[in-house]
Amino acid sequence: MGIAAIIGCGLIGQGWAIVFARAGWSVRMYDSDPAKAGEGRMLVARQLRTLRDHGLSGDPDAILARVALADTLETALAGVDYVQENSPEDLAVKQALFAQLDALAPATAILASSTSSIRASLFSREVPGQARCLVAHPVNPPYLVPVVEVCGAPWTAPETIAHCVAIMREVGQKPVVVRREIEGFILNRLQGALLQEALRLAEAGYASVEDIDATVKDGLGLRWAFMGPFETIDLNAPGGIADYCARYNGMYRSIGASQTGEPAWQGPAVQDLEAQRRERLPAADLHARRFWRDERLMQLLRHKQEAERKEGEERKECKERGA
C-alpha cells in the first residue's frame, strides 16, 4: 500500500480516488478550486455506497476514511508514492503543472497523467525529472472499466513504466503498455475508427443513429464485452484467425477502400445527430442516464468478475487433476 495524490477532482479524479482508496491506499485529493475538491469527495462517497450495494466494494465509510482533501499542492504531494494528474486537456496547463509536480513530489514518486490525447513527450520535455513522467490513461469511469493505457515518452525510464504497471495491477486495474507514443494511444484510435465509420453511415443516411447504436450494443458489443477483436475473429472461422483472414480479406479490403473522406464532426451532420439523440434522451435526463450507465457497468463488472473467478477455479482443478 502507498500514498496517492489525485490532482484535479473532476469525474476522472474522483474515479481514481475510488480506485486507490478501495485498494487500501491513502489518497489525497487536491484541486485548485477548493469547492470542486469538496464536491468531488462527496461524489466519491456516493459512488462508494452504490458500489457496496452491488458487491463491488467494502464498507464505504472505511474506504472514504482513506480519502483526504489537501488544502495546497505542497500538502497533497508530501511523501507520496504516486501522482495522478487530471487537469484539462491543455498542453500549456500540463507543462506548467508537471514542472510543479516534479519540483514538489518526492524524487521516487511516479508522475502520471490521465490525458487521453497529449503525448508525455510534449508535457515532460522540459521537466528535470522527465524519466519518471508518463501517461496512465484510464477509461471513464476507471473504478468500473479497469483498462489503463501506460505510455511513456522516449526518455521515460523503463523501470518507471514497470513500476507503474505493477501499481496499476496492485490497485485492481488492467494496464496496457503502449510501446511507443502515438496520438490517441490505443483505445481512442480504436474508438475513433468505429466513430468515423458510424458518422459516415449516419451522415449518408444508411441507418438512423438509434439503429447504428443498436448494431453495436446488441451486436458487436455483446462479444466485445469479454473478447477483443482478434479473439473474436479467431473464433469466427473453423481454422482460426488465419482462416478468417483468408476467407474475408477481399470483403474487408473492398470495404476499407470505400471508407474514404473525413466525416463531418460539426455543422448539419452533428446537428442531425444531436436532434436524433435528444429525441431519444432529453438533455435534462443526461445526468440521470449517466448514473444508469454506471449501474449497468457495475452489474456487468460483477458478472465478469464472477465468471473469471469460476474459470480460475476450473483451471486450477484441471491442473491439479493433471498433476
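The structure displayed is predicted, hence computed values, not measured ones. (Residues numbered from 1 in each chain as written. Predicted model: local features only at pLDDT ≥ 70, side-chain atom pairs only at ≥ 80, totals over all residues. Heavy atoms only, no water.)

Colleague: How would you summarise the overall build of the protein if you had to cite specific residues and measurements?
Modeller: What the protein contains, in helices and strands, is 13 helices and eight strands. For 323 residues, the compact-globule formula gives about 20 Å, and the C-alpha radius of gyration of the protein, at 22 Å, lands near that figure. Reported as C-alpha extents along the three principal axes, the dimensions of the protein are approximately 65 × 60 × 40 Å. In the protein, once contacts between residues fewer than 6 apart in sequence are set aside, the share between residues at least 24 apart is 68%. Computed over 37 positive and 42 negative side-chain charges, the separation of the two mean positions in the protein equals 4 Å. (Helix = DSSP H or I, 4+ residues; strand = E, 2+ residues; numbered from the N terminus. Rg over C-alpha atoms; globule rule 2.2 N^0.38 Å. Contact = heavy atoms within 4.5 Å. Lys, Arg positive; Asp, Glu negative; His and termini not counted. Charge placed at Lys NZ, Arg CZ, Asp CG, Glu CD.)

Colleague: Which residues make up unusual backbone geometry, and what values do they have?
Modeller: Geometrically, the link from Asn140 to Pro141 is a cis peptide bond, its omega value of -5 degrees lying close to zero. When you line up the elements, Pro141 lands in the loop between strand E6 (133-138) and strand E7 (147-152). Its identity is not glycine, yet Phe185 carries a phi of approximately 55 degrees, on the positive side. Mapping Phe185 onto the fold places it in the loop between strand E8 (174-177) and helix H8 (187-203).

Colleague: Provide a residue-level description of the UniProt feature "domain: 3-hydroxyacyl-CoA dehydrogenase NAD binding" (unreviewed entry) in the protein, including the pertinent values.
Modeller: Under the UniProt annotation, the feature "domain: 3-hydroxyacyl-CoA dehydrogenase NAD binding" (unreviewed entry) is placed at residues 5-180. Helix makes up 41% of residues 5-180 and strand 20%. Its end C-alpha atoms lie 26 Å apart. (UniProt positions renumbered as here; feature names shortened; annotations may be inferred.)

Colleague: Describe in detail the pattern of salt bridges, supporting the description with residues and values.
Modeller: Note that side chains of opposite charge can pair when their charged atoms are close. Under the criterion given, the structure shown has 12 salt bridges. Close ionic contact of Arg200 with Glu197 constitutes a salt bridge, the shortest N to O distance being 2.9 Å. Of this pair, Arg200 and Glu197 both sit in helix H8, three residues apart, which is roughly one turn of the helix. Shared partners join several salt bridges into a network, and the residues in it are Glu306, Arg309 and Glu313. (Salt bridge = Lys/Arg side-chain N within 4 Å of Asp/Glu carboxyl O.)

Colleague: Which residues make up the environment of Glu89, and what values do they have?
Modeller: Following the sequence through the fold, Glu89 ends up in the loop between strand E4 (82-85) and helix H5 (91-104). When the C-alpha positions of Glu89 and Ser114 are compared, they lie 9.4 Å apart, and in sequence the two are 25 residues distant. When near neighbours in sequence (up to four residues on either side) are disregarded, Glu89 contacts Lys94, Thr115, Ser116, Ser117 and Ile118. At 3.4 Å, the side chain of Glu89 forms a polar contact with the backbone nitrogen of Ser116. Side-chain polar atoms of Glu89 contact the side chain of Ser117, separated by 2.6 Å. (Polar contact = N/O pair within 3.5 Å; in protein donor to acceptor, adjacent residues only side chain to side chain.)

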